[in-house]
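# Observations on chain architecture
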Amino acid sequence: MEKKRIPLVAGNWKMYKTIAEAKQLAAELVHGLEKFTQVEVAICPPFTSLLPVKTLLEETSIRLGAQNMHWENAGAYTGEVSPLMVAELCSYVILGHSERRAYFGETDETVNKKVLAAYAVGLIPILCVGETLQENEAGKTGEVVERQVKLALQGVSLSMSQETGVPLVIAYEPVWAIGTGRAASGSGANTVVTQYIRSTLADLFVSEIAQSVRVLYGGSVKAGNAKEFFTQPEIDGALVGGASLKADEYIGIVQAAASSK
Ligand code: PEP
């Protein structure tokens, strides 16, 4: 039987916040999010703040994620952080974010290596997929999103546990909507999730799995427009960038998720 999908709001803090600032924001979130028990909340600070923030989250249900990692568990890879290191601190890891694909040479192949490496250490990937403006205007959204999902999940076998559901989160993040203030429409994003993401998952896995994976929307989500996404039947929450850096905005987004789902 399919598992009910618990809404997830995940905050990608990108390269913002010193340790002191991160602790301040995390403390505000701990205080402000206490009452929203029906929504799962995760935050993904920069690497330097993972440990201090983890300490603050100890008695809470807010989960911690990293924004990236290498695929090897150890080695001569100066400047990189390994899956084993991330797994010491986090439950989630964002993989294949469009900023990493655009600025750091990440490809479908390296994203796939990272997804496999995440599973090997028990991390849950938040796999980001989405088309650029040019691809969108050329009518290639479906082709691009299907390819990204398929290649990222090559060699992955998924099963479902009654307690935790399927250990995979996909974030549909149209690149043209990220950090631009120009969000997709709720119904447009829902269509992409249904036609290209869940249908690809159904081709790769059994349909029970395809229906149980949580799929988030990301791209200029704010407290003021979050409801439009959370009321869509196939969208299970949001991956939030800019608006996750302000406690009030982020709490407003979680509140919208709690009242919509
Ligand atoms: C993101 O970085 O994943 C993102 C969705 O950013 P923003 O919310 O700022 O568009």
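This write-up is about the structure you can find in this document. (Residues numbered from 1 in each chain as written. Predicted model: local features only at pLDDT ≥ 70, side-chain atom pairs only at ≥ 80, totals over all residues. Heavy atoms only, no water.)

## Some details on the pattern of salt bridges
For the structure on display, the rule yields 11 salt bridges. Of the charged contacts, one joins Asp 108 and Arg 147 as a salt bridge, the two residues approaching to 2.8 Å between their closest N and O atoms. Taken together, the residues span a long stretch of sequence, with Asp 108 in helix α5 (residues 108-120) and Arg 147 in helix α7 (residues 141-152) at a distance of 39 residues. Here the salt bridges share partners, and the residues they tie into one network are Arg 5, Arg 198, Glu 234 and Asp 236. (Salt bridge = Lys/Arg side-chain N within 4 Å of Asp/Glu carboxyl O. Helix = DSSP H or I, 4+ residues; strand = E, 2+ residues; numbered from the N terminus.)

## Focus on the site of the ligand
Close to the ligand lie 14 residues, the nearest being Lys 14, Glu 173, Gly 179, Ser 220 and Gly 241. A distance of 2.8 Å is found between an oxygen atom of the ligand and a backbone nitrogen or oxygen belonging to Ser 220. A majority-of-atoms criterion places the ligand in the second largest pocket. (Near = heavy atom within 4 Å. Polar contact = N/O pair within 3.5 Å; in protein donor to acceptor, adjacent residues only side chain to side chain. 1 Å grid on protein atoms, 1.4 Å probe; cavity = no way out; pocket = protein on both sides within 12 Å on 5 of 7 lines; lining within 4 Å. Sits in = over half its atoms within 2 Å of the grid points.)

## Quick look at the pairing of strand β7 (residues 214-218)
A regular strand carries its side chains on alternate faces of the sheet. Judged by how many residues are buried, β7 sits mostly within the fold: five of five residues are covered. Burial along β7 is two-sided: the face carrying Arg 214, Leu 216 and Gly 218 and the face carrying Val 215 and Tyr 217 are both buried. One ladder, built from four bridges, connects strand β6 (residues 169-172) with β7; its direction is parallel. Within β7, the residue paired with Val 169 across the bridge is Arg 214. Bridge count between β7 and strand β8 (residues 237-240): two bridges; the pairing is parallel. Residue Gly 218 lies in a different strand from β8, and its bridge partner there is Leu 239. (Buried < 20%, exposed > 50% of the residue type's maximum accessible area, 1.4 Å probe, protein only. Pairing = 2+ DSSP bridges.)

## Some words on the layout of surface pockets
Taken as a whole, the largest pocket spans an internal volume of roughly 470 Å³. Lining of the largest pocket is provided by 18 residues; of these, Phe 47, Gln 67, Asn 68, Arg 100 and Phe 104 occupy positions nearest its centre. Among the elements that line the lining of the largest pocket, the one with the most residues is helix α4 (residues 98-103), at three residues. Residues of the lining of the largest pocket, tallied by class, amount to nine nonpolar, five polar and four charged. When its volume is computed, the second largest pocket comes out at roughly 330 Å³. (Points joined across faces, edges and corners; volume = space filled by probe spheres on them. Nonpolar A, V, L, I, M, F, W, Y, C, P; charged D, E, K, R; others polar.)

## Section: the packing of helix α1 (residues 19-33) against helix α2 (residues 47-57)
Axis separation between α1 and α2 bottoms out at 9 Å; the angle between their running directions is 30°. Taken together, the axes of α1 and α2 are roughly parallel relative to one another. Relative to α2, the crossing made by α1 is right-handed. Counted together, Ile 19, Ala 22, Lys 23, Ala 26, Ala 27 and Val 30 of α1 and Thr 48, Ser 49, Pro 52, Val 53, Leu 56 and Leu 57 of α2 form the full contact between these two elements. (Axes fitted to C-alpha atoms, helices over the stretch in contact; angles between N-to-C directions. Parallel < 35°, antiparallel > 145°, perpendicular 65-115°, else oblique. Left-handed = near helix turned anticlockwise from the far one by under 90°. Contact = heavy atoms within 4.5 Å.)

## Section: the nonpolar core
Nonpolar side chains tend toward joint burial in soluble globular proteins. Membership of the largest hydrophobic core comes to 71 residues, with the highest contact counts inside it found for Leu 29, Ile 43, Ile 170, Ile 197 and Leu 201. Sequence-distant contacts of Ile 197, defined by excluding residues within four places in its chain, comprise Val 129, Val 145, Val 149, Ile 170, Tyr 172, Val 192 and Val 215. Judged by nonpolar contacts, the second largest core, of 13 residues, contains Ile 94, Ile 124, Leu 216 and Leu 239. (Core = buried A, V, L, I, M, F, W, Y, C linked by side-chain atoms within 4.5 Å.)

## A few points about the packing of α1 against helix α11 (residues 247-260)
The contact between α1 and α11 brings their axes to 10 Å, and the two run at 35°. By crossing handedness, the relation of α1 to α11 is classed as right-handed. Contacts between α1 and α11 pair Leu 25, Glu 28, Leu 29, Gly 32 and Leu 33 from the former with Ala 247, Tyr 250, Ile 251 and Val 254 from the latter. Residue classes in the contact of α1 with α11 are distributed as seven nonpolar, one polar and one charged.

## Quick word on the packing of aromatic side chains
Under the defined criterion, the tally for this structure stands at three aromatic pairs. Ring centres of Tyr 217 and Phe 229 lie 4.1 Å apart, and the angle between their planes is 5°; this geometry places the pair in the stacked category. Of the two residues, Tyr 217 sits in strand β7 while Phe 229 sits in helix α10 (residues 226-230), which places them 12 residues apart along the sequence. Accessibility assignment for this pair places Tyr 217 and Phe 229 in one class, buried. One aromatic cluster is present, formed by Tyr 172, Tyr 217 and Phe 229 through successive ring pairs. (Phe/Tyr/Trp six-rings, centres within 6.5 Å; stacked < 30°, edge-to-face > 60°.)

## Some words on the sheet that holds strand β4 (residues 92-95)
The eight strands are arranged β1-β2-β3-β4-β5-β6-β7-β8 in a closed barrel whose pairing can be described as parallel. Mean inter-strand twist for the sheet, computed between neighbouring axes without regard to direction, equals 25°. With four bridges connecting them, strand β1 (residues 8-12) and β8 associate as parallel partners. By the bridge assignment for β8, Leu 8 is matched with Gly 237. With respect to the sheet, α2 is in contact with β2 (40-44) and β3 (63-66), its orientation differing from that of β3 by roughly 175°.

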